[in-house]
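Spelled out from the first residue to the last, the chains are:
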Amino acid sequence: MKKVRIDPIIFWASIVVILAATILLVINRSTAEPYLDGLMTAITYKMDWAFQFLTIGLFILLIWLAFSRYGKIKLGDGKPEFSTFSWGTMLFTAGMGTSIMYWSMIEPISYFTGPPFGIEPGSNEAAEWALTYGLFHWGISAWSLYAFPTVVIAYSYFIKKRPSLKMSVALSGALGKYADGWLGKFIDILVIWSLVGGLGTSLGLGVPMVSAVVGSIFGLEQTIMLDTIIVICITIIYSASAYLGLHKGIRRLSDINVYLALAIAIFVFIAGPTLFILTYFTNSFGMMVQNFFMMSFYTDPINKGGFPQGWTVFYWAWFAATAPFMGLFVARISKGRTIRQLITHMLLWGSIGGWIFFMVFGGYTMNLQLQDLLSVKDILADSGGPAAVVSILKSLPISSIVLPFFVILAVIFLSTSMDSATYILSAIATKELQEGQEPARWHRMVWGAILAALSISLLLVGGLRVIQTSAVVVSVPIYVFYLLLIVSLLRWLKEDFPKQ
C-alpha cells in the first residue's frame, strides 16, 4: 500500500477557514449572534416544508433500497471488519454523544410546558405528547438523515473503489469532473466546518452538564476553569483513543460507553417507577406510530405557534449538518455489510438506543414532575438545563454513586464523539485512503489538538453558541448535497447493476 499523505490544499485551507471564521465570529459576537439567530430562524420558518419532505423522502427511499434487489449488494470483500455489537456501538455513540443524555431528561419537560397543537401547557394532554415527541425526534427520521449519506459514501468507497473518504468523492456521480476540482475542495472544507460546528454543539451541551454534576459532587462553583479542566480530560481520552486507531481505541471506548449507558439505564429503570415508565413509554410509542406521518409533515401554518420550526425543523437541520461526518465514519467501519444490513441496522439500532434513553430518563423525569416529587419545570425555568439534570439525578437512590457514574459516562460519551470526529477530519484531509488504511497518527493528533484548543478558546470567550448556530446555517448547502447524493447513487446503481 502507498504511504498515506495529507491533501495540503484541504488541510491548510480548512485550518485557515476554521481559525479565520472562528476569530471573526467571536470578535463580532455582539453583531454575529443576532444575525446568525435571525438567519437560523429564517431557515427553520422558510425551509420547514423542504426539511420535512427531505426527511420523510429519505426514509421512504432507504426502505426501498433496503428491500429492493440493491439491498443484497455487499460493501467490500470478505467478512465484516467488526462484530455486529462493536459496529452498532460505534455508530450509536458517534451519532448521539452526550446530547441524548441531556435531552432525554430535558426535552419531555420542555414539551410539557410548551406543547404542540395549541395544547394547554402543563395539562394531561401535554404530558401525553411530552415523551411522544422525544421518541419521534430521536428515532427513525433522525437516523434516516444519517443513513442515506452513509450508504452513498460506502458505495463510493467499497463498490466504486474510490480510495478516499470525502464528501466530494461521494458526489462525483452527480458532479462528474467538477468533484475533483475547486468545487470538490470547497465541499470538503464546508463539511469540515459543519463537523467542527456540530462538535461545538455537543460540547456546548455536554461540558456545562458535566461541570454542573462535578460541582454538585465536590461542592464547587461552576466556573470557566472547571469547564476547561473537563475539556482537557476529554481531550486526553479521545486523543489516546484516536491515536490507537479504530480497532484498539475507538471500538473499545465505544463498547465501554454502551455497557455503562445500559448499566445506568437499567438502574434508573429498576430504582424508579418501573410500571409507570413501561406504561408511559407504551402509550407514547403508540401515539408516535399512529401520528408519525402527521408529525413528519406538521408545519402549523394557520396558528403559527412555532413548535415544529423551533423543534422538529431545527433538529432535522442540525442532524443534516452533522450527517456528512456520520456518513463518512459509519461508511468506513461498514466493510463486509450489505446495503440492507447497513440501512436496517442504522435505522433500528440507532433509534432503539435513543428510545431506551427517552423511555427510562424521560419517563423518570416526567414521573417526578407529575407526582409533585420534584418541580423540574421550575428548576429548568429558573436555573437552566444543567441544574435540572443535577436535581433529577439527586432524586435517585444512592445518588452519591449515581452522580460520579453519570460524570464518567458523560465524559466517555463526549470522547467517543470526538475520537471518531478526529479520525474523520484527518481522513477528509488525506489524499488517498485504501481499504484497511488509516490516516497518519500525527495527522489525527493534529486535529485532536486543534479541536481541543478551539474548544477551550471558545469556552473562555463565550463563543460556543455562535459556532453552534453557524453549523445549523451550514445545513442549507448540505441540503443541496443530499439531492446530489440521491442523483449520484441512482446513477451508479443504474450503471453498475442494469436490469437483466
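Everything that follows concerns the structure shown earlier in this document.
Bringing the overall build of the chain into the picture now. From N to C terminus, the chain includes 21 helices and zero strands. The C-alpha radius of gyration computed for the chain amounts to 22 Å, which stays within 12% of the reference 23 Å derived for 500 residues, consistent with globular compactness. A principal-axis box enclosing the C-alpha atoms of the chain has dimensions of 60 × 50 × 45 Å. The proportion of buried residues among the 500 residues of the chain is 62%. Long-range pairs, those at least 24 residues apart, make up 85% of the contacts in the chain between residues at least 6 apart in sequence.

In this section: the packing of aromatic side chains. Applying the stated criterion across every chain yields a total of 43 aromatic pairs. Aromatic side chains Trp103 and Trp311 sit 5.7 Å apart centroid to centroid with 85 degrees between the ring planes, which places their arrangement in the edge-to-face category. Taken together, the residues Trp103 in helix α5 (residues 99-113) and Trp311 in helix α14 (residues 307-332) connect sequence positions 208 residues apart. On the basis of relative accessibility, which here comes to 19%, the residue Trp311 falls in the buried class.

A separate point is the nonpolar core. Residues Trp103 and Phe329 are the most contacted members of the largest nonpolar core, which totals 188 residues. Considering each element in turn, this core owes the most residues, 17 residues, to helix α18 (residues 399-428). Look past the residues within four positions of Phe329 in its chain and what remains in contact with it is Met90, Ala94, Leu246, Ile250, Ser420 and Ile424.

In this model, helix α11 (residues 224-271) (48 residues) spans only 34 Å end to end at C-alpha, well below the 70 Å of a helix rising 1.5 Å per residue. Where α11 bends most, at Gly245, the angle is about 160 degrees.

The geometry of helix α7 (residues 140-159) relative to helix α21 (residues 475-496) is characterised by a closest axis approach of 10 Å and an angle of 40 degrees between their N-to-C directions. The pairing of α7 with α21 is recorded here as oblique in orientation. As α7 runs across α21, the sense of the crossing is left-handed. In contact with Leu145, Phe148, Pro149, Val151, Val152, Tyr155, Ser156 and Ile159 of α7, α21 contributes Tyr482, Leu485, Ile486, Ser488, Leu489, Trp492, Leu493 and Asp496. Of the residues belonging to the contact of α7 with α21, the class tally is 13 nonpolar, two polar and one charged.

Now for the pattern of salt bridges. Under the defined criterion, the tally for this structure stands at nine salt bridges. Taking the shortest distance from any N to any O, the salt bridge between Lys160 and Glu495 comes out at 3.9 Å. With a gap of 335 residues between them, Lys160 in the loop between α7 and α8 (167-170) and Glu495 in helix α21 connect regions that are remote in the sequence. Assessed through its relative accessible area of 26%, Lys160 is described here as partly exposed. For Glu495, a relative accessible area of 54% corresponds to the exposed category. With its nearest N and O atoms 3.5 Å apart, the salt bridge here joins Asp255 to Arg251. Here the residue Asp255 and the residue Arg251 both occupy positions in helix α11, the gap between them amounting to four residues, near one helical turn. Take Asp255: its relative accessible area is 10%, and that puts it in the buried class. Taking relative accessible area as the criterion, Arg251 reaches 22% and is therefore assigned partly exposed. Within this structure, Asp7, Lys166 and Lys185 form a network of salt bridges that share partners.

Helices that pack against each other are described as a pair by the angle of their axes relative to one another and the distance between those axes. Contact geometry of helix α6 (residues 124-137) with α14 gives a least axis separation of 11 Å together with a crossing angle of 25 degrees. It follows that α6 is roughly parallel to α14 by the angle criterion. In this structure, the crossing between α6 and α14 has a hand that is right-handed. Note on element contacts: α14 touches α6 through Phe307, Trp311, Thr312, Tyr315, Trp316 and Phe319, opposite Tyr133, Phe136 and His137. In terms of residue class, the contact of α6 with α14 is built from seven nonpolar, two polar and no charged.

This next bit is on the environment of Val26. Relative to the helices and strands, Val26 resides in helix α1 (residues 8-27). The spacing of Val26 and Leu458 is 432 residues in sequence and 7.9 Å in space, taken between C-alpha atoms.

Residues Leu262, Ile266, Ile270, Leu348, Trp349, Ile352 and Ile356 make up a contiguous nonpolar surface patch of about 640 Å² in total accessible area. Counting only elements with at least two residues in the nonpolar patch, the list comes to α11 and α15 (339-370). Looking at the nonpolar patch, the element that brings in the most residues is α15, giving four residues. Note that Leu262 resides in helix α11.

Thresholds applied
- Residues numbered from 1 in each chain as written.
- Predicted model: local features only at pLDDT ≥ 70, side-chain atom pairs only at ≥ 80, totals over all residues.
- Heavy atoms only, no water.
- Helix = DSSP H or I, 4+ residues; strand = E, 2+ residues; numbered from the N terminus.
- Rg over C-alpha atoms; globule rule 2.2 N^0.38 Å.
- Buried < 20%, exposed > 50% of the residue type's maximum accessible area, 1.4 Å probe, protein only.
- Contact = heavy atoms within 4.5 Å.
- Phe/Tyr/Trp six-rings, centres within 6.5 Å; stacked < 30°, edge-to-face > 60°.
- Core = buried A, V, L, I, M, F, W, Y, C linked by side-chain atoms within 4.5 Å.
- Expected span 1.5 Å × (residues − 1).
- Bend = angle between axes of the 7 residues up to and from the residue.
- Axes fitted to C-alpha atoms, helices over the stretch in contact; angles between N-to-C directions.
- Parallel < 35°, antiparallel > 145°, perpendicular 65-115°, else oblique.
- Left-handed = near helix turned anticlockwise from the far one by under 90°.
- Nonpolar A, V, L, I, M, F, W, Y, C, P; charged D, E, K, R; others polar.
- Salt bridge = Lys/Arg side-chain N within 4 Å of Asp/Glu carboxyl O.
- Patch = residues over 30% accessible without salt bridge, like charges linked within 9 Å, V, L, I, M, F, W, Y side chains within 5 Å.
- Areas by Shrake-Rupley, 256 points an atom, 1.4 Å probe, with all protein chains shown as cover.

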